[in-house]
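Listed below, chain by chain, are the residues.
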Amino acid sequence: MAQLSILRYPDARLHKVAKPVQAVDARIKALITDMFDTMYDASGIGLAATQVDVHERLIVIDVSEERNEPMVLINPEVIWASEERLRGDEGCLSVPGIYDGVERPARVKVRALDGEGRSREIEAEGLLAVCIQHEMDHLMGKVFVQYLSPLKQNRIKTKLLKQEKQERREQLEST
């Protein structure tokens, strides 16, 4: 069980489009385990492989309070989305400390493989629907801040780059 490094916006690798997973083999199963460990450790509810610099169509999710309902989506595709849309604040492990409103379909139906390679369909609403859509965006190379105005995007980018520079400076000082 390894902790994976989570890419931080505005890292260009977050904008790379993920390729389909070819086989649910030992490598993918190990990656799933590592992604869950990384997500839980970071107090997240979803993590796309793109965020850990693996550009394959794989998502792990657990929106449960008890953190005991892990869900794996391999090669997910939205097969239906409601016309009804909801706007809610979203955050992201790749955009730490930033939350802003994003409008998305209120309900979706998704087809994907599970962690054993079995095909399944999931109907989701509420937080789960938002999380699935957010993570699927990552697989397409899209980060939630791209839904925001250019001004907000630039402010977020500047803030995170400044934060990263400060963290590097503190690391150097502590060595």
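In this numbering scheme, every chain counts its residues from 1 along its sequence in written order. Under the rules for a predicted model, residues below a pLDDT of 70 receive no local features and side-chain atom pairs below 80 are neither given nor counted, while totals for whole chains, interfaces and linings still include all residues. For the side-chain quantities, the full set of heavy atoms in the structure was used; hydrogens and water were omitted.

Our focus in this paragraph is helix α2 (residues 126-139). The end-to-end C-alpha distance of α2 is 21 Å, a good match for the 20 Å that 14 residues give at a rise of 1.5 Å each. Throughout, exposure labels follow a simple rule: accessible area from a 1.4 Å probe, protein chains only, divided by the maximum for the residue type, with under 20% read as buried, over 50% as exposed, and the rest as partly exposed. By definition, any uninterrupted DSSP run of H or I lasting at least four residues is a helix, any uninterrupted run of E lasting at least two residues is a strand, and each is numbered from the N terminus. Along α2, the positions that sit buried rather than exposed are Leu 128, Ala 129, Cys 131, Ile 132, Gln 133, His 134, Glu 135, Met 136, Asp 137, His 138 and Leu 139. Two residues or fewer after α2 comes Gly 141, characterised by a positive phi angle close to 80°. The span you would expect from a helix comes to 1.5 Å times its residue count less one.

Only rings of Phe, Tyr and Trp enter the pairing, Trp through its six-membered ring, and a pair is recorded when the two centres are within 6.5 Å. The plane angle decides the type: under 30 degrees is stacked, over 60 is edge-to-face, the rest tilted. Scanning the entire structure with this criterion turns up one aromatic pair. On the basis of an interplanar angle of 20° and a centroid distance of 5.8 Å, the ring pair of Phe 36 and Tyr 40 is categorised as stacked. Taken together, the residues Phe 36 and Tyr 40, both in helix α1 (residues 26-41) and four residues apart, mark about one turn of the helix. Classification of Phe 36 as buried rests on a relative accessible area of 10%. Overall, Tyr 40 belongs to the partly exposed group, its relative accessible area being 27%. One Lys or Arg, Lys 142, reaches over the ring of Tyr 147 and ends 3.9 Å from the middle of that ring. For a lysine, the NZ atom is tested; for an arginine, the CZ atom; a charge sits over a ring if that atom is within 6 Å of the ring centre and within 35 degrees of the ring normal.

Let us now look at the pattern of salt bridges. Definition used for salt bridges: Asp or Glu carboxyl oxygen within 4 Å of a side-chain nitrogen of Lys or Arg. Evaluation of the coordinates by the stated rule reveals 16 salt bridges. Of the charged contacts, one joins Arg 104 and Glu 90 as a salt bridge, the two residues approaching to 2.6 Å between their closest N and O atoms. Of this pair, Arg 104 sits in strand β5 (residues 95-105) while Glu 90 sits in strand β4 (residues 85-92), and the two are 14 residues apart along the sequence. On the accessibility criterion, Arg 104 (3% relative accessible area) is buried. Given a relative accessible area of 5%, Glu 90 falls into the buried group. Members of the salt-bridge network, linked through shared partners, are Glu 77, Lys 109, Arg 111, Glu 121 and Glu 123.

Attention now moves to the pairing of strand β6 (residues 107-113). Every second residue of β6 is oriented toward a common face, the buried set being Val 108, Val 110 and Ala 112 and the non-buried set Arg 107, Lys 109, Arg 111 and Leu 113. Alignment of β6 against strand β7 (residues 119-125), held across seven bridges, turns out to be antiparallel. Bridged to Lys 109 within β7 is Glu 123. Between any two strands, at least two bridges found by DSSP are needed for them to pair. Hairpin remark: β6 followed by β7, antiparallel, with five residues in the connecting loop; positive phi at Gly 117, about 90°.

All right, on to the pairing of strand β2 (residues 58-61) then. Burial along β2 is two-sided: the residues Leu 58 and Val 60 and Ile 59 and Ile 61 are all buried. Of the strand pairs in this sheet, strand β1 (residues 46-48) and β2 are connected by three bridges, and their pairing is antiparallel. Note on β2: the bridge partner recorded for Leu 47 is Val 60. Sheet topology places β2 next to strand β3 (residues 71-81); four bridges connect them, and they run antiparallel. Each bridged residue has a counterpart across the sheet, and for Ile 59 the counterpart in β3 is Leu 73.

Relative to the elements of secondary structure, Gln 51 occurs in the loop between β1 and β2. The class for Gln 51 is buried, based on a relative accessible area of 1%. The contact rule is simple, with two residues in contact once any of their heavy atoms fall within 4.5 Å. Contact partners of Gln 51, with chain neighbours within four places excluded, come to Ser 5, Ile 6, Leu 7, Leu 14, Gly 46, Cys 92, Leu 93, Ser 94, Glu 135 and His 138.

In this section: the side chain of Ser 64. Considering the arrangement of structural elements, one finds Ser 64 in the loop between β2 and β3. Within the local environment of Ser 64, its side chain forms a polar contact with the side chain of Asp 62, the two groups lying 2.6 Å apart. Reaching out from Ser 64, the side chain makes a polar contact with the backbone nitrogen of Arg 67 at a distance of 3.0 Å. Under the rule applied, a polar contact is a pair of N or O atoms within 3.5 Å (in protein, one hydrogen donor and one hydrogen acceptor; residues adjacent in sequence only if both atoms are side-chain atoms).

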